[in-house]
Amino acid sequence: MNVLVLVEVLLGLSAIPPFLAIWRGPSLWDRLVGVNSLNLRVTLFLAAHAAFSGHGLLLDVALAYAILGFLGTVLLARFGERGEH
């Protein structure tokens, strides 16, 4: 089995718990942790695909996605901090 396929399948399987946290999370904070974890999985998927396939442009895409995911997490955390009493 190709190493790239194995890594992609394992990263895909590791994305199941964040999806469950987003779906079932009773609070905004549980869902935020799930979204942050899912952003990490997508970034790792892009970086692994770039590393094993030789597409260097995907590393730039992974970096941009990680930065935007971090900013989104910070913005949602600030929104949640103001919204909960």
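Please refer to the structure placed before this passage.
The sections below set out a description of the structure shown in this document.

**Regarding the overall build of the chain**
Okay, so step 1: Looking only at helices and strands, the chain features four helices and zero strands.
Okay, so step 2: Start at the N end of the chain and walk to the C end: the helices and strands fall as α-α-α-α.
Okay, so step 3: Its C-alpha atoms put the chain at 50 × 25 × 10 Å along the principal axes.
Okay, so step 4: Put simply, the chain has 85 residues, and 20% of those count as buried.
Okay, so step 5: Across the chain, the centroid of the 5 positively charged side chains sits 7 Å from that of the 5 negatively charged ones.

**Re the packing of helix H3 (residues 28-53) against helix H4 (residues 57-83)**
Okay, so step 1: One way to put it is that H3 packs onto H4 with a least axis distance of 8 Å and a crossing angle of 175°. With respect to H4, the axis of H3 lies roughly antiparallel. Two secondary-structure elements touch here, H3 through Leu28, Trp29, Leu32, Asn36, Asn39, Val42, Thr43, Leu46, Ala47, His49 and Ala50 and H4 through Leu58, Leu59, Val61, Ala62, Tyr65, Ala66, Gly69, Thr73, Leu76, Ala77, Gly80 and Glu81.
Okay, so step 2: Residues that form the contact of H3 with H4 fall into these classes: 15 nonpolar, seven polar and one charged.

**A few points about the side chain of Thr73**
Okay, so step 1: Position of Thr73 among the secondary structure elements: in helix H4.
Okay, so step 2: With residues up to four places along the chain from it excluded, the contact list for Thr73 reads Leu32, Asn36 and Asn39.

**Here we look at the environment of Leu20**
Okay, so step 1: Structurally, Leu20 can be placed in helix H2 (residues 16-24).
Okay, so step 2: Judged by its relative accessible area of 34%, Leu20 is partly exposed.
Okay, so step 3: Measuring from C-alpha to C-alpha, the distance between Leu20 and Arg31 comes to 9.1 Å, with eleven residues separating the pair along the chain.

**Description of the side chain of Thr43**
Okay, so step 1: Following the sequence through the fold, Thr43 ends up in helix H3.
Okay, so step 2: A polar side-chain atom of Thr43 sits 2.9 Å from the main-chain carbonyl oxygen of Asn39.
Okay, so step 3: Filtering out sequence-adjacent residues up to four positions away, Thr43 remains in contact with Ala62, Tyr65 and Ala66.

**Points about H4**
Along an α-helix, residues three or four apart share an orientation, since each turn contains 3.6 residues.
Okay, so step 1: Compared with an ideal rise of 1.5 Å per residue, which puts 27 residues at 39 Å, H4 spans 39 Å between its outermost C-alpha atoms and is within 8% of the ideal.
Okay, so step 2: Taken together, the buried positions of H4 are Ala62, Gly69, Thr73 and Gly80.
Okay, so step 3: Of the surrounding elements, those touching the buried residues of H4 are H3.

What counts, and at which threshold
Within any chain, residue numbers begin from 1 and follow the written order of that chain's sequence. Predicted model: local features are reported for residues with pLDDT of at least 70 only, side-chain atom pairs are reported and counted for 80 or more only, and whole-chain, interface and lining totals are derived from all residues. Working from all heavy atoms in the structure, the side-chain values ignore hydrogens and water. Segments assigned H or I by DSSP are reported as helices when at least four residues long, segments assigned E as strands when at least two residues long, and all are numbered from the N terminus. Accessibility here uses a 1.4 Å probe with only protein chains present; expressed as a share of the type maximum, an area under 20% marks a residue as buried, one over 50% as exposed, and anything in between as partly exposed. We score Asp and Glu as negative and Lys and Arg as positive, and we do not count His or the chain ends. All charge positions are set by atom: Lys at NZ, Arg at CZ, Asp at CG, Glu at CD. Axis lines are fitted to C-alpha atoms, over the contacting stretch for helices. Their N-to-C directions set the angle, which ranges from 0 to 180 degrees. An angle below 35 degrees is read as roughly parallel, one above 145 as roughly antiparallel, one from 65 to 115 as roughly perpendicular, and any other as oblique. Note on contacts: a residue pair is in contact if any heavy atoms of the two residues lie within 4.5 Å. Under the grouping applied here, Gly and all other residues not named as nonpolar or charged are polar, the nonpolar ones being Ala, Val, Leu, Ile, Met, Phe, Trp, Tyr, Cys and Pro and the charged ones Asp, Glu, Lys and Arg. Whenever a nitrogen or oxygen atom comes within 3.5 Å of another N or O atom, the pair is scored as a polar contact, on the condition that within protein one atom can donate a hydrogen and the other can accept it, and that pairs from neighbouring residues in sequence are kept only if both atoms are in side chains. Multiplying 1.5 Å by the residue count of a helix minus one yields the expected span of that helix.

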